[in-house]
Every structure is written in C-alpha cells, then in structure tokens.
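Listed here are the chains, written in short residue letters.
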Amino acid sequence: MIDALERDLGLSESQVVTRLANEERAAAVESSLTNQLGASYGGAWLNDDASKLMVATTDPATTATIESQGAQPVIVTRTLAQLNSIIQRLDQAPRRARAAAALWFVDVTTNSVSVQAPTLEAAEALATAAGVDRSAVTVSATAERPTTFINIIGGAAYFIGGSRCSVGFSVTRGTTPGFVTAGHCGRPGSRTTSPTGTFQGSSFPGNDYAWVAAPGNTVTPYVRGSGGANVIVRGSTQAAVNASICRSGSTTGWRCGLIRQHNASVTYPQGTVSGLTRTSACAEPGDSGGSFISGSQAQGTTSGGSGNCSVGGTTYHQPVNEALGVYGLTLVTG
C-alpha cells in the first residue's frame, strides 16, 4: 500500500506513513463527532495533506466539542441530513431526467449537492425535474461517462458464464463462506467458477452489491495488493472524504487515489445507482466487484467508473457495510 500510494499520489514514504496515521485517527474522530453533533452535523473531510479533519456544523455552540477532539469546525447553513434529502429527491426524479445526467452527489466541502451531466442543460433539467432547492445545488458539465466494469472476454478472478468480475471481500453467513461483489455481475442463482459459488442476493440498479455463497472454499482476511502481496483487512470503518484509498481488481491490479465524495448517485445505461463513493482511483472492465480499502479498513466493492488507468479515471464503489447489513453477513478480518 505504501508503494502504491507513493506512485499514485506522488508522495514520499514518510508522507504516506504520516498520512495513513492521520487518516486512521480522523476516522475515529469523525465517527465520534457524527453521534455527538446529532442533527447539526454537516459532514466531514480531510484537508489536502490529511493533517486536519474538517467538521461541518450548523450550530456555532458545537465548535468547542469539535475542537476538543482535534478537528477544525466549519460553520455551514445546511446539515448533512438536509443535503442527503436533496439526493433522495434527485434519485426519485423521472427516469428520463436521471438517464441524461452522469452523476450527483453531496459535496460536504462546499455544503452543497453537485449535479453533473454531459451537458449543462441536462444537469439543469434533472435539478428542475426533481424540484430541489436550487440554492443548495450546483450544476456542471462533465466528461465522466459512467459504465460498469464488467468484461465478457474473460480472464482471472471469478467467472459468471462468459463474463468476468472481481472478488470483493471474504464474508461468512453463519457457517457458509463466500464473498461480496458487484450486483451488476450476476443475479440470484447465477453460478460462478474460480471459485465456484452461487449468487445468493443481488441488487442492481438502485444499489450495486451482491453476495456469493462459495462452500468448499477458504475465506481469508486479505486483499491482493501491489505485486501480489496480501493486505490485511481489520474492519470496515468508513474513511473520510479526501482520505487515501486503494482498490484491487483482476484487470488493473492495485491502484490508489483519494475519496472525493460519499453518497453519490450515478446514472449507468442500466439505471441509477445511489449511495456510491466517488474516488480518483482508476479501474477498467473486469475490475467490477473488486476491493476498495483504506488503510486496513474495507470500504466497498467496485461498481463502475469513467476513464481508465492509461489516462486517469474516476471510479465509484458500493460501500461494503450496506451489503453486510442487508444480507446478514460477517466480514472476515484478521
């Protein structure tokens, strides 16, 4: 992970080590303050070098609480709950308006919701169709063209008929071993090989998660890292906006970047998927379902993206904790 972050973020080894330590502390502080601030919480993010956690609040009286945990308070006009409610309105807009847009997400750093589309007119049309508060929404044209990372050519990882996807994380349900992956990779009852298994649950679009029961296979608390080295998974605490993150997939291997936004809604050709995390780590077809990890904490499974690893790209992942909760799964940790 250190080697890959040096390569992909342009940092020295000591800078990477310091950043990872800061991010680990920030995740714990963010979790604590989310509960303490309650309804006034406006979101959190790391500054550019991850040396300081910025925490937004609508209540000036809570700044002392934020500062007491070493974070920097930012007074905002909208709570995270209010911004998330705008996302819900956009998610429920007419399908035609959503299909013309590329993605929309809560941008905690600006205390607003961003709607992006191939044209400014399409972004405007979605905001209008959803009937949202325009003072809380920014619209822009984007070159991102979200597509799912499924590859029908075949290759490594696991196969579903003639298609290839990537294992996310090892899980168990009771005594049954298996793994989580992307929902667009298969439907309930779909059979996999290498490892052999069966899709037990799958949701796509709307969500993009699935779990595969794989009896007879051995689950491990590892993600395949740089050069084939194993990276250990110790939990699934969500990392902050602007934290570093790495992903592993069967096409492009181990790639790293930064978390840009949580709770993004993305329009694929098949429909809209909500609640994704947007990152600057690249991916390509066949990486779908693969692992996203920050430090030692599992973050999610690769859903799709825009661009590729030759010219840079954006990738979205489905947060893993949602899939674990929906299917009653236990993440395998070390």
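Cut-offs used in this document
Residues numbered from 1 in each chain as written. Predicted model: local features only at pLDDT ≥ 70, side-chain atom pairs only at ≥ 80, totals over all residues. Heavy atoms only, no water. Helix = DSSP H or I, 4+ residues; strand = E, 2+ residues; numbered from the N terminus. Contact = heavy atoms within 4.5 Å. Phe/Tyr/Trp six-rings, centres within 6.5 Å; stacked < 30°, edge-to-face > 60°. Buried < 20%, exposed > 50% of the residue type's maximum accessible area, 1.4 Å probe, protein only. Pairing = 2+ DSSP bridges. Axes fitted to C-alpha atoms, helices over the stretch in contact; angles between N-to-C directions.

A look at the environment of Gly 186
Phase 1 of the analysis: Secondary-structure assignment places Gly 186 in the loop between strand 11 (176-181) and strand 12 (191-192).
Phase 2 of the analysis: Residues Gly 186 and Ile 86, spaced 100 residues apart in sequence, show a C-alpha to C-alpha distance of 31 Å.
Phase 3 of the analysis: For Gly 186, the residues in contact, after removing those within four places along its chain, are Phe 199 and Ser 202.

A short note on the packing of aromatic side chains
Between two aromatic rings, the relevant description is the distance of the centres plus the angle of the planes.
Phase 1 of the analysis: One pass over the full model with this rule turns up three aromatic pairs.
Phase 2 of the analysis: Taken together, a centroid distance of 6.1 Å and an interplanar angle of 40° make the contact between Phe 204 and Tyr 268 tilted. With a gap of 64 residues between them, Phe 204 in the loop between strand 13 (197-203) and strand 14 (209-213) and Tyr 268 in strand 18 (residues 253-268) connect regions that are remote in the sequence. Summarising the burial analysis for this pair, Phe 204 and Tyr 268 share the class buried.

Notes on the sheet that holds strand 10 (residues 169-173)
Phase 1 of the analysis: Read across the open sheet, the six strands follow the order 12-13-14-11-10-23; overall the sheet is antiparallel. Each edge of the open sheet is held by one strand with a lone partner, namely strand 12 and strand 23 (330-331).
Phase 2 of the analysis: As paired strands, strand 12 and strand 13 are joined by two bridges and run antiparallel to one another. In the sheet register, Arg 191 faces strand 13, and the bridge partner there is Thr 198.
Phase 3 of the analysis: Most of the contacts of helix 7 (residues 320-327) go to strand 14, to which it runs at about 55°, and overall it touches strand 10, strand 11, strand 13, strand 14 and strand 23.

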